[in-house]
Amino acid sequence: MSPLLSFFSKIDPQGETTVSPKVALSEVDQQMRLPAIMFITCAILWLLVGTLFAIIASFKLHTPDFLANWEFLTFGRARSAHLNAMAYGWSNNAIFGVGLWIMARLCKAKIRYSGMLILAGIFWNLAVVIGILGILTGGLTSVEWLEMPPQVAPLLAFSYVLIGMWGILMFRFRERGHVYVSQWYILGALFWFPWLYVVAQTMILFEPARGTIQALTNWWFAHNVLGLWMTPMGLATIYYLMPKVLGRPIYSYYLSLLGFWSLALFYNWAGVHHLIGGPIPVWLISCGIVASVMMVIPVVVTAINHHMTAVGNARACWCSPTMRFIVFGAMSYTLASFFGSWMALRDVNVVTHFTQFTVGHAHHGVYAFFAMTMFGGIYFMMPRLLAREWPSAKLIKVHFWCSGLGIGIMVVGLQLGGWIQGLNLNNADIPFTSSDPEALTIMKALVPWLFSRSVSGILLTIGHFAFFVNFAWMLIGPRAVRYKEGPTLLGKIEGKGA
Amino acid sequence: MKNLPLLFFGIFFMLAFSWSGLILSSVIQFGDLKPIALNEGETPMPIARVGVAQQGKEIYINQGCLYCHSQQVRRKGFGADWERGWGDRQTVPRDYILQERVLLGTSRTGPDLMTIGQRQPSADWHHLHLYNPQITSPGSIMPPFRYLYKTQKIGDAPSPNALNIPDTFADEQPPEGYEIVPTERAEQLVEYLLSLKLDYELPESRFAQ
C-alpha cells in the first residue's frame, strides 16, 4: 500500500463501534478542540489588528494630516492592510475554525493527526503577517482584494490546501446518510476559494492577462470571495445553528436546495457590476447585471427558509447570544443582497459607482452579515469546545450593541453620504475642491459622512474589545467555569434551553 | 441531498461556467488586440510607457493611489466624465493592452486621472500638490506625500527643482537657508502622472463632439 493510501486508511474511522450521537459529537468536539481554538484565537487577534488599521484609515480620510508623515501608514496602505487583515486574517481564520468544526460535527468524522491542521494554520497566519508587512513597506500591488505582495501567494495557497483538505477528508469519511445543507455550502466553498485565488493570482500578478481582462478577473475573484467563500460559510453557519439552538428543523428542504443551486449559479457572474461603464464589452456588463438581479431568487428563498424557522421564537432569538448575532446576520444578508441587486441597475449604478456607497455596501455584506454570523458561531462553539461558559453576559451585550449600532451607523452614513457624493459627481458644476470657502464642493458635502464612519469605527472597536476580553477571560480565566449556572444567556427564558 | 456526484459536478461546473463565460470568452474575444493606426502611415496606438514614467507607475501602485483615483473615462451621457473634461472620448479595451498592471480603479474620492497629464501639464503644480494638497486644492482630503520630498541646505545656488511654496503656507516653509526638493521617487511619480494622456483616437473610439 502506498504511503498516501495507508494514511487515508489510518484516518478512516469506519468500522469502529457506533456510539450514541451525543457521545459522538463530544468526541468530535474533543478532537477539533485545539485546532479550532487556535483558529479562533488568531481570528480575534486579527480582528483587533484589522480594526486598528480601519480606525487609522477612517481618520485619515477626513483628517488627511493625521499620521501623514509615516509612509507605511499612508491611506492607500493603511486601508489595504485593514482589508487584508480582515479578509485573510479574521474572516478566513473564523471560517477555518467555525466552518471546519461544523463540517466535522455534521460528518461525525474523527479527526486524527489534527496537529497537521494546527501546523497548516500557523503557516497560514505567518503568510498573512508577511503579506501585511509587505503591504505596509511598499509591496502593495493595488489589485483590489489581492494587495499582498505576490511572493506570499504560494505560501498562502499551500497552507490553504493543507487546511481545506481536512474539510474534504471529513466529508470523505463521514458517517453515511443524508448530507445536510450546511455541508453542501461548506464543501462548495472549500473548492471554490482556492480555485478563485489561484486563477486570480496567476492571471493578474504572475502571468498578467492582456489589458482589461485583468479587471474582469479581478472582480470575478473579489466579488466571489464574498459570494462563494464568505457567504456560503455564513449561510452554512446559520443553517446549522438556527435549528440547533431553537430545537426545530429547517422550514423547507426544497427551498434550501433551490437556494443553494441558484446562489451557485448566479453569484458567480455578478462581480462584473463593478465595471459598469468601464472599458469592457457591454455584453459582459449586461451578464453581470442580469446575474446580480437574479440573486434576488436565492436571497428571497433563503430569507423565507430562515425566517420561517425562527418565527414564533422571538424570545429565544433575543436571549441566546448565538441567536441574537445570527438573526442579525441573516436579516442583514437579505437587506444587503437586495441593495446589491438594486445597485447593479445601470440607472442606480451611475450614481453609486465610484462613491462611498459601495464601501458602505461592502461592510453591510461582510460585517453586518458575515462577521456577525461568525460572532454567533463562535459564541455557540466555544462553550462546547472548552466545556466552560462565557464569563460575562454583560460583555456579550456590549459586543452586540456596539457592533450592531456601529455597523448600522456606518451603513446608513456611508450610503447616504455616498448617494449625495454620487449626485454631486454627476453634476459637473460642483467641483471637488474650491479656493472659495463658501462654494459647494464634493469634499465639503462628503466629509461629515466620513466623520460618521469614524464614530461607528469607535463603537465597533469597543465591541471587538469586549469580545476579545470575554474570549481571553474564558480561555485563561480560572473563574470562567460555570457548569452549575447553565449557559450564559442575555435574558430569562422559561422552560427552554439555549 | 443524496446524489453526491451531482453535488460535486455542480460545484465544479458552476465556477467553470462563470470562468469560461467571463474570462475565457474575453481572452478569445479581445485577448489579442493590437495597437492600431487610425490612418495608414500613422503610428499605431497606444504606445507602451517606458523609462522614468514607467518607474513612476510603481510608486503610484505602492502608494495605493488607485484607492481614490480611477483611470477610465465613461461614454458621454453616462455620468459626467465628459462634462468634467476628463477625456474627449471614452476609454476602450485597446487603450490598456500594453499595461502590465491595469489600474482602472473603482473609487473616485478624487478625480479620474486618465488624462491628468493633459489637464495639469505642469510638473511644479504636481509637486506642490503632492507635497501638500491644500496648497493647490484647499479642502482636499488627499493625504500629503511630504515623505517623497527632502529638505536640504541650499548650495551655491538654489536648486532649479526646489518647491516654491506660497507664503500663505508658513508652516510648510523650509528653514532659512534650506530648500525642499523632490526625491527621485517624487520625480518618477510626477513623470508618470504627466504621461497619463488620451490624446489619440482609435477606430472604435473617436473624440466625441
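What this report covers is the structure whose coordinates are included nearby.

Parameters at a glance
Position labels on residues start from 1 in each chain and follow its written sequence. Both sets of labels track the order of writing: A upward for chains, 1 upward for ligands. Only residues with pLDDT of 70 or above have their local features reported here, since the model is predicted, and side-chain atom pairs are shown and tallied only from 80 upward, although totals for entire chains, interfaces and linings are computed over all residues. The side-chain numbers reported here are obtained from all heavy atoms of the structure, hydrogens and water having been left aside. The way it works is that DSSP assigns letters per residue, a run of H or I at least four long becomes a helix, a run of E at least two long becomes a strand, and they are numbered from the N terminus. We compute the radius of gyration over the C-alpha atoms and compare it with the globule rule, which gives 2.2 Å times the number of residues raised to the power 0.38. Relative accessibility thresholds used throughout: buried, under 20% of the residue-type maximum; exposed, over 50%; partly exposed, between the two (1.4 Å probe, protein chains only). Residue contacts are counted whenever heavy atoms from the two residues lie within 4.5 Å of one another. Reported accessibility uses the Shrake-Rupley method at a 1.4 Å probe radius. Residues are deemed covered only where the shown protein chains occlude them. Here the positive residues are Lys and Arg and the negative ones are Asp and Glu; neither His nor the chain ends is included. A charge is said to be at NZ when it belongs to Lys, at CZ for Arg, at CG for Asp and at CD for Glu. Buried area counts how much accessible surface, traced with a 1.4 Å probe, disappears from two parts once they are put together, with both parts' losses summed. Here a salt bridge means any side-chain nitrogen of Lys or Arg lying within 4 Å of a carboxyl oxygen belonging to Asp or Glu. Polar contacts here mean pairs of N or O atoms no more than 3.5 Å apart (in protein, one a potential hydrogen donor and the other a potential acceptor; neighbouring residues in sequence count only if both atoms are side-chain atoms). In this analysis, rings of Phe, Tyr and Trp, with Trp reduced to its six-membered ring, are considered paired at centre separations within 6.5 Å, and the interplanar angle assigns stacked below 30 degrees, edge-to-face beyond 60, and tilted for intermediate values. Lining residues are defined by having an atom within 4 Å of a point belonging to a cavity or pocket. Those points lie on a 1 Å grid over the protein atoms alone, cavities being sets where a 1.4 Å probe fits but cannot get out and pockets being open sets with protein on both sides within 12 Å along at least five of seven lines. Grid points are joined across faces, edges and corners, and a volume is the space filled by probe spheres set on the points. Note that Gly is not counted as nonpolar here; it falls among the polar residues with everything else outside the nonpolar set of Ala, Val, Leu, Ile, Met, Phe, Trp, Tyr, Cys and Pro and the charged set of Asp, Glu, Lys and Arg. Nonpolar cores are built from buried Ala, Val, Leu, Ile, Met, Phe, Trp, Tyr and Cys residues. Side-chain atoms within 4.5 Å join them into one set.

Let us look at the overall build of chain B. Each helix and strand in chain B was counted, giving six helices and two strands. Listing every helix and strand of chain B by position from the N terminus yields α-α-α-α-α-β-β-α. Taking 209 residues into account, the globule formula puts the C-alpha radius of gyration at 17 Å, and chain B, at 22 Å, lies well above it. Taking the principal axes of the C-alpha coordinates as reference, chain B spans close to 80 × 55 × 35 Å. Buried positions account for 53% of the 209 residues belonging to chain B. Across chain B, contacts joining residues at least 24 apart in sequence account for 70% of those joining residues at least 6 apart. Here chain B has roughly 9800 Å² of accessible surface; of this, 55% comes from carbon and sulfur atoms. Distance from the positive charge centre (19 side chains) to the negative charge centre (23 side chains) of chain B: 10 Å.

Taken together, the contact pairs 77 residues of chain B with 88 residues of chain A. Note on chain B versus chain A: buried area summed over both sides is about 6900 Å², and carbon and sulfur give 67% of it. Salt-bridge contacts for A:Glu71 lead to B:Arg185; the nearest nitrogen and oxygen are separated by 2.8 Å. Along the contact surface separating chain B from chain A lie 23 residue pairs in polar contact (both at pLDDT 80 or more). Of all the secondary structure elements, the ones that give two or more residues to the side of chain B that touches chain A are helix 1 (4–30) and helix 2 (51–62) of chain B. The element best represented in the side of chain B that touches chain A is helix 1 of chain B, accounting for 21 residues.

Residues and elements named next belong to chain A. With the rule as written, the count across this model stands at 51 aromatic pairs over all chains. Centre to centre, the rings of Phe193 and Tyr197 are 6.0 Å apart; their planes meet at 25°, and the pair counts as stacked. Highlighted residues: Phe193 and Tyr197, both in helix 6 (residues 181–206), separated by four residues, approximately one helical turn. Phe193 gets classed as buried once you look at its relative accessible area, which sits at 3%. Summarising the aromatic geometry, the rings of Tyr333 and Phe369 are spaced 4.7 Å apart at their centres and angled 45° between planes, so their arrangement reads as tilted.

On to empty space enclosed by the protein. All names here are of chain A. In the structure shown here, the tally under the stated rule is eight cavities of 30 Å³ or more. Looking at the second largest cavity, it is lined by 16 residues, and the ones nearest its centre are Tyr267, Ala336, Ser337, Gly340 and His361. Those elements that place two or more of their residues in the lining of the second largest cavity are helix 7 (213–246), helix 8 (253–270), helix 12 (321–343) and helix 14 (356–386). Ranked by the residues each element gives to the lining of the second largest cavity, the list is headed by helix 12, at five residues. Per-class residue counts for the lining of the second largest cavity are seven nonpolar, nine polar and no charged.

This brings us to the nonpolar core. Generally speaking, a soluble globular protein has its nonpolar side chains buried in company with each other. All names here are of chain A. If you look at the biggest cluster of nonpolar residues, it comprises 217 residues, and the most contacted ones within it are Tyr88, Trp90, Met170, Phe221, Trp229, Phe375 and Met382. The element contributing the most residues to this core is helix 7, with 22 residues. Excluding its chain neighbours within four sequence positions, the residues that come into contact with Tyr88 are Asn93, Trp124, Val128, Trp145, Leu146, Met148, Phe193, Tyr197 and Phe221.

What is shown is where atoms sit, not what they do.
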